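Structural overview for review
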Amino acid sequence: MRITQGTFSYLPDFTDDEISAQITYALDNGWPLSVEYTDDPHPRNTYWEMWGLPMFDLTDAAGVMMEVNACRTAHPDTYVKLNAYDARFGRQTTALSFIVQRPAAEPGFRLDRHEVGDRRIRYSTHSYATERPAGDRYPQG
């Protein structure tokens with residue numbers, strides 16, 4: 001199963017040159033970037049771990065790629081994504097977000113059905129990765 005979150009998620013994984021082109025696009029639009037990572041990509045898990053601080057002062061794609069690669073090296077078996085923020089509206093608005101690294105094997109999700117009162121049915125999503133402890137959710141590849 002392939003996690004499809006963020007922009008470009010239905011496309012093949014980007015090369016570093018393609019990631020750099022997207023970083024340049026974001027910087028040209030005045031959008032600062034941040035790097036985040038997680039081993040629990042549940043669709044409702046919107047708060048991934050932040051790698052360092054948002055890069056408000058960087059204007060060169062190489063500096064952002066250096067942070068992306070540092071996060072990849074420190075967390076080789078996690079999901080890593082880039083977020084670009086547009087502050088034109090006076091609040092933190094994500095203008096662009098896309099995954100730049102995935103684990104070698106993505107176990108996927110299960111949809112659980114729950115019958116509740118008055119014949120109502122509710123559904124919840126269960127991530128197979130969370131069946132293992134944090135930090136040990138993906139095999140070292």
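Below or above, wherever it landed, is the structure these notes cover. This structure is a prediction, so every number in the text was calculated from the model and none was measured. (Residues numbered from 1 in each chain as written. Predicted model: local features only at pLDDT ≥ 70, side-chain atom pairs only at ≥ 80, totals over all residues. Heavy atoms only, no water.)

**Digging into unusual backbone geometry**
Positive phi, close to 70°, is recorded for Phe-8, a residue that is not glycine. Mapped onto the fold, Phe-8 is located in the segment before α1 (16-28). Non-glycine residue Arg-119 carries a positive phi angle of around 60°. Residue placement: Arg-119 occurs in the loop between β5 (109-116) and β6 (120-127). (Helix = DSSP H or I, 4+ residues; strand = E, 2+ residues; numbered from the N terminus.)

**Structural notes on α1**
The α-helix advances 3.6 residues per turn, and as a result positions three or four apart in sequence lie on the same side. Along its 13 residues, α1 runs 18 Å from first to last C-alpha, staying within 8% of the 18 Å computed at 1.5 Å per residue. Within the span of α1, buried status applies to Ile-19, Ile-23, Ala-26 and Leu-27. Along the axis of α1, the buried positions cluster into a sector of 95°, meaning they face one direction only. Exposed residues lying more than 90 degrees from the buried face of α1 are Asp-17 and Asp-28. Positive backbone phi, approximately 80°, marks Gly-30, located one or two places after α1. (Expected span 1.5 Å × (residues − 1). Buried < 20%, exposed > 50% of the residue type's maximum accessible area, 1.4 Å probe, protein only. Arc of directions from axis to C-beta.)

**Describing the packing of aromatic side chains**
Under the criterion given, the structure shown has five aromatic pairs. Centroid distance Phe-8 to Phe-14: 4.9 Å. Interplanar angle 45°. Geometry classified as tilted. Using a relative accessible area of 28% as the deciding quantity, one classes Phe-8 as partly exposed. Put simply, the rings of Phe-8, Phe-14 and Phe-98 pair up and form one aromatic cluster. The ring of Trp-48 has Lys-81 lying over it, and the distance from NZ or CZ to the ring centre is 4.3 Å. (Phe/Tyr/Trp six-rings, centres within 6.5 Å; stacked < 30°, edge-to-face > 60°. Lys NZ or Arg CZ within 6 Å of the ring centre and 35° of its normal.)

**Concerning the environment of Val-100**
Position of Val-100 relative to the elements: it lies in strand β4 (residues 93-101). Under the relative-accessibility criterion, Val-100 is labelled buried at 11%. As for Val-100 and Asp-16, which are separated by 84 residues in sequence, their C-alpha atoms are 8.6 Å apart. Once you skip the residues sitting within four places of it in the chain, Val-100 turns out to touch Ile-19, Val-68, Arg-72, Val-80, Lys-81 and Leu-82. (Contact = heavy atoms within 4.5 Å.)

**Quick word on empty space enclosed by the protein**
Going through the model one piece at a time under the given rule, you end up with one cavity of 30 Å³ or more. Roughly 90 Å³ of internal volume is contained in the largest cavity. Lining of the largest cavity is provided by Arg-2, Gln-5, Thr-7, Phe-8, Ser-9, Leu-11, Pro-12, Asp-13, Phe-14, Phe-98, Ile-99 and Arg-102. Per-class residue counts for the lining of the largest cavity are six nonpolar, three polar and three charged. (1 Å grid on protein atoms, 1.4 Å probe; cavity = no way out; pocket = protein on both sides within 12 Å on 5 of 7 lines; lining within 4 Å. Points joined across faces, edges and corners; volume = space filled by probe spheres on them. Nonpolar A, V, L, I, M, F, W, Y, C, P; charged D, E, K, R; others polar.)

**Looking at the packing of α1 against helix α2 (residues 61-74)**
How two helices sit against one another is set out by the angle between their axes and by the gap between those axes. Closest axis-to-axis distance for the α1/α2 pair is 9 Å, and the angle between their directions is 130°. Overall, the two elements α1 and α2 adopt an arrangement that is oblique. Like other packed secondary-structure pairs, α1 and α2 cross with a definite hand, here right-handed. Every residue of α2 that contacts α1 at Asp-16, Ile-19, Ser-20, Ile-23, Thr-24 and Leu-27 is listed here: Ala-61, Val-64, Met-65, Asn-69 and Arg-72. Broken down by class, the residue content of the contact of α1 with α2 amounts to six nonpolar, three polar and two charged. (Axes fitted to C-alpha atoms, helices over the stretch in contact; angles between N-to-C directions. Parallel < 35°, antiparallel > 145°, perpendicular 65-115°, else oblique. Left-handed = near helix turned anticlockwise from the far one by under 90°.)

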